[in-house]
Amino acid sequence: MTKEQIFKLIVTHACEVIPRLETHAFTETDSLRELGANSIDRSEIVMMTLEAINLDMPLAQTLKAGNIGELAQLLADRKASLPA
Amino acid sequence: MQTVGIEAMNVYAGTARVDVEELARHRGLDITRFANLLMKEKTVALPYEDPITFGINAAKPLIDALTPQEKDRIEVVITCTESAFDFGKSMSTYFHKLLGLNRNCRLFELKNACYSGIAGLQTAINFVLAGVSPGAKALLIATDISRFMTAEGGEGLTDDWSFFEPSSGAGAVAALVSELPYVFQVDVGASGCYGYEVMDTCRPAPDREAGDADLSLLSYLDCCEKAFMEYQARVEDADLASTFTYLAMHTPFGGMVKGAHRNIMRKIAKARAADIESDFERRVQPSLNFGQRVGNIMGASTLMAIASAIEHGQFDAPQRIGCFSYGSGCCSEFFSGVAGREGQARIHAQGIGDRLDQRHRLSMTEYDEILAGSHVVKFGTRNAVPDPSFIAPARKAHERETLFLKQIKEFHREYEWVS
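Here the structure is a predicted model, which is why all the values come from computation and not from measurement.

## Re the environment of Thr12 of chain A
Residue and element names in this part refer to chain A.
Stage number 1. Here Thr12 is to be found in helix 1 (residues 3-17).
Stage number 2. Since its relative accessible area comes to 42%, Thr12 is described here as partly exposed.
Stage number 3. Remark: the alpha-carbon pair of Thr12 and Met48, spanning 36 residues in sequence, is separated by 9.8 Å.

Spelled out as C-alpha cells, the structure:
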C-alpha cells in the first residue's frame, strides 16, 4: 500500500469524524490539530486508518508524525516492514 | 477457592460542584464539540477540604456500621493517592486516628497515578488471600483532589488542556476488603497487566499538573487493548463481548472511555459501529453516571466506576463486571469480579447519588474565587487556618456531620466535624 493511498484514507476518515472538513483541500503539510481535530478526534482518525489498512501498531507511536503526510509515510513504512 | 473482594464501599465527592457546560461557556469553549466529553458536573475541592476530609467522609459510614469486634479486625489501611501533602508521613496515619482503629495495624500509602486505587485493591486482596491473619479486613481509601493550576506550557507540553479543567474533579472511595465480598467478589487470578515507561501526564510539582494529552489518550487506548489481551490469555474462554454484563473503566472523562470501548470492540470483538453504540449504552454507561457528576478523581476513578456500575446496573441475578484501570507513567490492569442483588442493595444504602445532589452549586464568581488561589492551602504550608465563612453554604450541604480541615499547626493537620 502506497503512502498516497494511505493519505487518501486519512483524509476520508478526517472528513468522517469532522464533517466540516469535506470542503477542505487537504495537503500533506496539513496537521490534524491545526484543522481543529482534538485529541479524541485524532485518535479516532488514526484508529480507523490502521483498521482500514489492517495494520496493528501502538497508537502512541503514531504521535511522531507532525502532519498528515508524515503520518501516511509512517504507516506506509510500518506496513511495508511487515511480511505480507 | 477462598472468596475475597469488597465487603462494603462508599463514594464521597465533597460539598461543592460546578456545572460543566456553564464552565465551558464561561471559558468560551466550543459547546457543540464539548458534548463529546460526556461530562455534566464536577466536584471542586474547597480550601477546608483535603484528601483526608474526602477519605474520612467516604470511610466513616462503613466503619460506623461495624461492630467493635469487626472494627478491630481492620489490620491494614492503604491510602491510594497522588495528592498527598507530605513526602514522608502517610495519610493512612490520619485515617487510622480519625476512625479510631486498632493500633495493631499496618499503615501505608501507595502512589501510581490513576492506577493507585486498583494497585491498592489488589494489594488488599492478596493480603486476604495469603491467609496470614484469617478473618482480617483491609481498609482501602483512594482519595484524590485537583487544585486546578496547570504548569506553564513548555516543550513537550501540549496545549490540549481544554479538556482537563472541565474534567478534573475531587473525591474519594473507601472500601473494606475481606473474605466476605458482599458488594463485589473478585475473580481470583483473573487479571492482565500492561505497563511501560512513558511521559504522558504527571504531577512534577505538588500543586502542578502537566502532560501531553494526546500521548496519554493513545497510551490509555493501547493499554486497554493489551491488558485485556493478557487477561484473555490467562482466563479460559474469556470473551470481551459476552463474558461481562458491565464494563467499568478508569474515567478521565466519559468521552475517553467511549473511545477506548469503541477501539477494543472494533479490534478485539470485531463489532460493527451500530452495535458498538448500543453496547456502550448497555454495558458501559451505568459505570459512568457517578463520574459524569464528579469528574476525574484519579486514583479513585476505577473504584467509583465499579460503584456506579453496581448502583445503576441490573443485578437481579449475579453479573460479572470487567474492570480496567490505567495510571499515567504508566501501568494498567484489566480484571473482573461479580456483584449481585445484595451488593447493589448495600451500595444503594450509602445514598451516593443523594449526596451528589446535595453539593452546593457554585456560581462562576465563586468558582473563579477558588481558582484565584488566595484561599488555597499550598503544599508545604506550616501554619494556616482556612476561612470557614468562605462559601459557607457548602459546609452545611449534607445536613449531617461532615469532616473539614480546621487548621494546620506546625505542619500537623487538625480536623473538625461540622453538622
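Let's pick the thread back up.
## A short note on the confidence of the model for chain A
Stage number 1. When pLDDT is averaged across chain A, the result is 93; 99% of the residues are at 70 or more.
Stage number 2. When pLDDT is averaged over each helix and strand of chain A, the minimum, 90, is found for helix 2 (residues 39-52) of chain A and the maximum, 96, for helix 1 of chain A.

## Considerations on the interface of chain A and chain B
Stage number 1. At the junction of the two partners, chain A supplies 19 residues and chain B supplies 21 residues.
Stage number 2. Roughly 1,800 Å² of surface becomes buried between chain A and chain B when both sides are summed, with 52% attributable to carbon and sulfur atoms.
Stage number 3. Inspection of the region where chain A meets chain B yields 6 salt bridges.
Stage number 4. Arg266 of chain B is the partner of Glu51 of chain A in a salt bridge, and the nearest nitrogen-oxygen pair spans 3.4 Å.
Stage number 5. Viewed at the interface, chain B and chain A are joined by 7 residue pairs in polar contact (both at pLDDT 80 or more).

## Comments concerning the nonpolar core
Stage number 1. Core analysis: the biggest nonpolar cluster contains 64 residues, and Phe26 and Leu75 of chain A together with Tyr220, Leu221, Phe324 and Phe334 of chain B have the highest contact counts within it.
Stage number 2. Broken down by element, the residue count for this core peaks at 10 residues, all from helix 8 (residues 213-234) of chain B.
Stage number 3. Ignoring anything within four residues of it in the chain, the contact list for Phe324 of chain B reads Tyr220, Cys223, Cys224, Ala227, Ala248, Met249, His250, Thr302, Ser332, Glu333 and Phe334 of chain B.
Stage number 4. Counting 49 residues, the second-largest nonpolar core is a separate cluster that includes Phe127, Val128, Ala307 and Phe315 of chain B.

## Comments concerning the sheet that holds strand 12 (residues 319-327) of chain B
All names here are of chain B.
Stage number 1. Strand order across the open sheet formed by 9 strands is 5-4-6-7-1-8-13-12-11, with mixed pairing between neighbours. Looking at which strands have only one partner, the edges of the open sheet turn out to be strand 5 (106-110) and strand 11 (246-249). The average undirected angle you get between the axes of adjacent strands in this sheet is 25°.
Stage number 2. Bridge analysis of strand 12 against strand 13 (residues 331-339) gives 9 bridges, and the strand direction is antiparallel. Counterpart to Gly327 in the pairing with strand 13 is Cys331.
Stage number 3. Where helix 3 (residues 51-64) meets the sheet, it contacts strand 1 (5-12), strand 4 (74-80), strand 6 (137-145) and strand 7 (170-178), and its direction lies at approximately 40° from that of strand 7.

The rules we used
- Residues numbered from 1 in each chain as written.
- Chains lettered and ligands numbered in written order.
- Predicted model: local features only at pLDDT ≥ 70, side-chain atom pairs only at ≥ 80, totals over all residues.
- Heavy atoms only, no water.
- Helix = DSSP H or I, 4+ residues; strand = E, 2+ residues; numbered from the N terminus.
- Buried < 20%, exposed > 50% of the residue type's maximum accessible area, 1.4 Å probe, protein only.
- pLDDT = per-residue confidence, 0-100.
- Contact = heavy atoms within 4.5 Å.
- Buried area = accessible area lost by both parts, 1.4 Å probe.
- Salt bridge = Lys/Arg side-chain N within 4 Å of Asp/Glu carboxyl O.
- Polar contact = N/O pair within 3.5 Å; in protein donor to acceptor, adjacent residues only side chain to side chain.
- Core = buried A, V, L, I, M, F, W, Y, C linked by side-chain atoms within 4.5 Å.
- Pairing = 2+ DSSP bridges.
- Axes fitted to C-alpha atoms, helices over the stretch in contact; angles between N-to-C directions.

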